[in-house]
Amino acid sequence: MEEVTYKLPSDIERESMRIIGEELKQQGVTLERSTAAVVKRVIHTTADFDYAHNLRFTDGAVKKAAEAFRAGVAVVTDTNMAKSGISRAALSKLGGEVHCFMADPDVAQTAKAQATTRAVVCMEKAAREYPGAVLAVGNAPTALLKICELIENGLRPALVVGVPVGFVNVVESKRRVFQVCQRYGVPCIAAMGRKGGSNVAAAICNAILYTALDAVDPAKRQETLK
């Protein structure tokens, strides 16, 4: 029987990241230093090395988002799953908070009245209540398309995370939001293609939060978040 040598969470995470780095090296993949922490955390979350190729970043997206987190910016997500996965301890340390409006009664009522999705209304509410927030979308392409419209009408989020998963409007919405963000100078991280999900959205936010706290190393993070 193979001996289990890594028992503490910090040791397991550190070894996992070492393995990821080694396998990327074997594949001939060299990550950009500015985005490596995000890519590795997404791979760590999904065990899917395709993210080394399909994650795209606007210029300086990670640095700008980390600065926004240090200033206490909020996060608005399109799913409660993503909300649950984002480190509240890290956000709280930086003075931020995370919200998901999908289950709010007013959102459901407005979506029904307008014959649209709750995700669309969710982003409209985010634009009103947290206009400079990080908008993290892991499920709904309609949320990304609404974000595009809002940006074209003047909204300037701190970061758009565009990683919905699926088959209908997913590829197109991610391509469009990345193009719109580039055009208007809005930081954006998108997973091109069909892959993504709430866990990926949370992983991206966490990687940037840990970067903002200078706590990418798990042992240092434990001390920082005490």
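*Asks:* Can you help me understand the packing of helix α9 (residues 141-152) against helix α10 (residues 170-184) in this one?
*Replies:* To describe two helices that pack against each other, one gives the angle between their axes and the distance between the axes. Between α9 and α10, the least distance of the axes is 9 Å, while the angle of their chain directions is 20°. Considering the angle they form, α9 stands roughly parallel to α10. For the crossing formed where α9 meets α10, the hand is left-handed. In this structure, α9 uses Pro141, Leu144, Leu145, Ile147, Cys148, Ile151 and Glu152 to contact α10, whose residues at the interface are Val170, Ser173, Lys174, Arg176, Val177, Val180, Cys181, Arg183 and Tyr184.

*Asks:* Could you clarify how one ought to interpret unusual backbone geometry in this entry?
*Replies:* Phi is mostly negative for residues that are not glycine, and the peptide bonds are mostly trans. In the Ramachandran plot, Ala115 falls in the positive-phi region, its phi being about 55° despite a non-glycine side chain. On the secondary structure map, Ala115 appears in the loop between α7 (105-114) and α8 (118-129). A relative accessible area of 73% means that Ala115 is categorised as exposed.

*Asks:* For this particular structure, what's the right way to read the layout of surface pockets?
*Replies:* In this approach, a probe sized like a water molecule rolls over the atoms, and the result shows the empty space that is left. If you add up the space inside the largest pocket, you get close to 260 Å³. Contributing to the lining of the largest pocket are 17 residues, with Glu32, Ser34, Thr35, Leu55 and Phe57 lying nearest its centre. Counting residues per element, the ones that place at least two in the lining of the largest pocket are α3 (51-54), β1 (55-57) and α4 (61-70). With three residues, α4 is the largest single contributor of residues to the lining of the largest pocket. Residue composition of the lining of the largest pocket, by class: nine nonpolar, five polar and three charged.

*Asks:* Honestly, the pairing of strand β6 (residues 188-191) in this entry has me stumped. Any pointers?
*Replies:* On a regular strand, each side chain points to the face opposite its neighbour's, so the side chains alternate between the two faces of the sheet. Where burial is concerned, the two faces of β6 agree: the one with Cys188 and Ala190 and the one with Ile189 and Ala191 are both buried. Relative to β6, β1 is paired through three bridges, and the arrangement is antiparallel. Across the sheet, Phe57 pairs through a bridge with Ile189, a residue of β6. In the sheet, strand β5 (residues 159-162) pairs with β6 via three bridges, with the strands oriented parallel. From the neighbouring strand, Val160 faces β6, where its bridge partner is Cys188. Each parallel crossover has a hand, and the one from β5 via α10 to β6 is right-handed.

*Asks:* How do you make sense of the packing of α8 against α9 when you look at a structure like this?
*Replies:* Between α8 and α9, the least distance of the axes is 8 Å, while the angle of their chain directions is 35°. As for the relative orientation of α8 and α9, their crossing is right-handed in sense. Touching Ala119, Val120, Met123, Glu124 and Ala127 of α8 are Thr142, Ala143, Lys146, Ile147 and Leu150, all from α9. Each residue belonging to the contact of α8 with α9 can be placed in one class, and the counts come to seven nonpolar, one polar and two charged.

*Asks:* Honestly, the sheet that holds β1 in this entry has me stumped. Any pointers?
*Replies:* Two orientations exist for strands paired in a sheet by backbone hydrogen bonds: parallel and antiparallel. Here six strands make up an open sheet; going across it, the order is β1-β6-β5-β4-β2-β3 and the pairing mixed. Two strands in the sheet have a free side with no partner beyond their single neighbour: β1 and β3 (98-100). Across this sheet, the average inter-strand angle for adjacent strands is 15°, counted without regard to direction. Examined bridge by bridge, strand β2 (residues 75-77) and β3 share three bridges and lie parallel to one another.

*Asks:* What exactly am I supposed to notice about α4 here?
*Replies:* One turn of the α-helix equals 3.6 residues, which is why residues spaced by three or four share an orientation. Listed in full, the buried residues belonging to α4 are Ala61, Val62, Ala65, Ala66, Ala68 and Phe69. Projected down its long axis, α4 carries its buried residues within an arc of 160°, all on one side. A positive backbone phi angle near 90° is found at Gly72, which sits one or two residues after α4.

Conventions and cut-offs
Residues numbered from 1 in each chain as written. Predicted model: local features only at pLDDT ≥ 70, side-chain atom pairs only at ≥ 80, totals over all residues. Heavy atoms only, no water. Axes fitted to C-alpha atoms, helices over the stretch in contact; angles between N-to-C directions. Helix = DSSP H or I, 4+ residues; strand = E, 2+ residues; numbered from the N terminus. Parallel < 35°, antiparallel > 145°, perpendicular 65-115°, else oblique. Left-handed = near helix turned anticlockwise from the far one by under 90°. Contact = heavy atoms within 4.5 Å. Buried < 20%, exposed > 50% of the residue type's maximum accessible area, 1.4 Å probe, protein only. 1 Å grid on protein atoms, 1.4 Å probe; cavity = no way out; pocket = protein on both sides within 12 Å on 5 of 7 lines; lining within 4 Å. Points joined across faces, edges and corners; volume = space filled by probe spheres on them. Nonpolar A, V, L, I, M, F, W, Y, C, P; charged D, E, K, R; others polar. Pairing = 2+ DSSP bridges. Right-handed = clockwise from strand over helix to strand, strands pointing away. Arc of directions from axis to C-beta.

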